[in-house]
Amino acid sequence: MIFWFRRDLRIEANDALAEAAKRGPVLGVFVLDDELWTPSGPNRQWFLAGSLVDLDRQIDGGLIVMRGEPDRVLHELADRVGARHVYATDDFGPYGRKRDTTVGESLATKGISTHFRSSNYVIPPGTLFSKSGTPYKVFTPFYKLWITQVPGASPTDPDVHWFEHGNKLGDGIPAPPEPTASSLPAPGEAAAWDRFDRFRSEIVKGYNQSRDLPAVDGTSRLSPYLKWGTVHPRQVMDRLGDHPGEQGWIRQLCWRDFYAEVLFNRPDSARWPYNPGAAVETDTDGDAAARFEQWCEGQTGFPIVDAGMRQLAHKGWMHNRLRMITASFLVKDLHLPWQWGARFFMHHLVDGDLASNNHGWQWVAGTGTDASPFYRVFNPTTQSTKFDPDGEYIRRWVPELSQLGPKVIHDPASDPNGAPASYPAPMVDHRDERLEALARYAARKND
Ligand SMILES: Cc1cc2nc3c(=O)[nH]c(=O)nc-3n(C[C@H](O)[C@H](O)[C@H](O)COP(=O)(O)OP(=O)(O)OC[C@H]3O[C@@H](n4cnc5c(N)ncnc54)[C@H](O)[C@@H]3O)c2cc1C
């Protein structure tokens, strides 16, 4: 029996692995597929390599890592060990679905059967439908049904007898590249549970208040572990209770399932607007590339935007409120395509996930499901005053402004002593760009 690990890099609470283990000794394999590895960016590659080291340790050094196209690699491995069955947790993303069909058909020609089971979601995409029998397009009704359908039983803890292969197989775990971030969360199951324990004991009860304050350690920071399946979301839910903070967190977790559901039903929305009729004109010529660069480097002259972009650069992670603020600035103040920002995020985020990222971007751009209407334009300075009132988050990430007090830090030009010379002047006038964004919105409506 081959068990093909993909985005479920854990042993416990793994239904597909449990099913494989019931049939006999299991050979655990991870295929390093260049189609996925190359676009992952150094931070996610580093985290993945560390997660594989942790998984390998749990299998007593028995994890086989092979580089290449999955169907070729799995053929080769099945031949060498005489395996007749390949098990894996099901994948619902556009690339994963195509790959699994190819692998299934290709292995079947040799009489090897593939079994894609379960999911890395609370409820697998493609399960829930609206009353009219169509896939959900709006979050709240999806959530209302989802919360009533959470399976009663948790994923199964497998009892695995690992196949002895004498370590003669595979290419080994890749040497991790140097991350672009200066510090990243520790990979692996134990690190995930350490973080969860802290979240549960110190943070979750205040989650509904703290989740929007970027200066505070007020969210779970479990996103990279959920991304790679180091933990299953059901394992986390099962350890939470009925406190409003815990329930608020579970509602937020549902967005992950929702966006996976949306992408499952509309694979094209990974790259193209979910709602093409809502897309407005964007700038791609002239100085667009230079303006994009300023945004990427956190040199826009808007402290809260720059703080977010610099947090991403240093941590490979950005607070959710900042993901919204920085994305809105790119789309509605700079009028650049959301796809540029989404690609940049995907390169740097340690939790980068196609469904959550690209639909998060489309929500901001007004082209997605539940779209925040395009005419609702975030004012970066107001957002900053509201969610970072003392300027603590800005001071942490934009040291040029560390001496400024809470009154002027959100808008350094308002400092009677003048803005620090080392900090750039605002690259745009937000009032003008808001009007420009609204004009583009009106032009689209009149098309
Ligand atoms: C423009 C943009 C891009 C984003 N890109 C990603 C991404 O690539 N990967 C990613 O995991 N999340 C993404 N998000 C969603 C959200 O910002 C992160 O999930 C969250 O910041 C992760 O931190 P946390 O684990 O502490 O979250 P918590 O607040 O503790 O939330 C718990 C979990 O719920 C899920 N979740 C929470 N909010 C969302 C949301 N809005 N959409 C989808 N899932 C959510 C995540 O799995 C998260 O780990 C994006 C949001 C925006 C606006």
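Residues numbered from 1 in each chain as written. Predicted model: local features only at pLDDT ≥ 70, side-chain atom pairs only at ≥ 80, totals over all residues. Heavy atoms only, no water.

**Considering the sheet that holds strand S1 (residues 2-5)**
- Judged by pairing direction, the sheet is parallel, and its 5 strands sit side by side in the order S3-S2-S1-S4-S5 without closing on themselves. Either end of the sheet is taken by a strand with one partner, and the two such strands are strand S3 (64-67) and strand S5 (113-117). Looking at each pair of strands side by side, their axes are set apart by 30° on average, direction ignored.
- Here strand S2 (residues 27-32) pairs with S3 via 4 bridges, running parallel. Following the sheet pairing, Val31 is matched in S3 by Met66.
- Packed on one face of the sheet, helix H4 (residues 70-81) meets S1, S2 and S3 and runs near 155° to S2.
- Contacting S1, strand S4 (85-89) and S5, helix H5 (residues 94-108) runs over the sheet at an angle of about 150° to S5. (Pairing = 2+ DSSP bridges. Helix = DSSP H or I, 4+ residues; strand = E, 2+ residues; numbered from the N terminus. Axes fitted to C-alpha atoms, helices over the stretch in contact; angles between N-to-C directions. Contact = heavy atoms within 4.5 Å.)

**Let's talk about the site of the ligand**
- Of all residues adjacent to the ligand, which total 26 residues, the nearest are Tyr207, Thr219, Ser220, Arg221 and Asn320.
- Here an oxygen atom of the ligand sits 2.6 Å away from a polar atom, N or O, in the main chain of Arg221.
- Taking Leu222, its main chain carries an N or O atom lying 3.2 Å from an oxygen atom of the ligand.
- When the ligand is considered free in solution it has 820 Å² of accessible area, and contact with the protein chains removes 95% of it.
- Contributing elements (two or more residues each) for the shell around the ligand: helix H9 (223-228), helix H11 (244-265), helix H14 (320-333) and helix H16 (354-365).
- For the shell around the ligand, a count of residues per class yields 12 nonpolar, 9 polar and 5 charged.
- Both domains that meet at the shell around the ligand, namely domain 2 (120-154 + 188-265) and domain 3 (276-446), each give it at least three residues. (Near = heavy atom within 4 Å. Polar contact = N/O pair within 3.5 Å; in protein donor to acceptor, adjacent residues only side chain to side chain. Areas by Shrake-Rupley, 256 points an atom, 1.4 Å probe, with all protein chains shown as cover. Nonpolar A, V, L, I, M, F, W, Y, C, P; charged D, E, K, R; others polar. Domains from an automatic or database assignment.)

**Concerning the domain arrangement of the protein chain**
- The domain boundaries assigned to the protein chain delineate domain 1 (2-118), domain 2 (120-154 + 188-265) and domain 3 (276-446).
- Placing the centre of domain 2 and that of domain 3 at their C-alpha centroids yields a distance of 26 Å.
- Taken together, the 22 residues of domain 2 in the interface contact 22 residues of domain 3.
- Taking both partners together, domain 2 and domain 3 bury about 1,900 Å²; carbon and sulfur atoms supply 58% of that area.
- Area buried by domain 2 at its contact with domain 3 is led by Pro214, Ala215 and Tyr259, which between them contribute 34% of it.
- Residues Asp212 and Arg321 are paired through a salt bridge, measuring 3.0 Å at the closest nitrogen-oxygen approach.
- Where domain 2 touches domain 3, the interface holds 6 residue pairs in polar contact (both at pLDDT 80 or more).
- Elements with a contribution of two residues or more to the side of domain 2 that touches domain 3: helix H6 (139-149), H9 and H11.
- The element contributing the most residues to the side of domain 2 that touches domain 3 is H11, with 7 residues. (Buried area = accessible area lost by both parts, 1.4 Å probe. Salt bridge = Lys/Arg side-chain N within 4 Å of Asp/Glu carboxyl O.)

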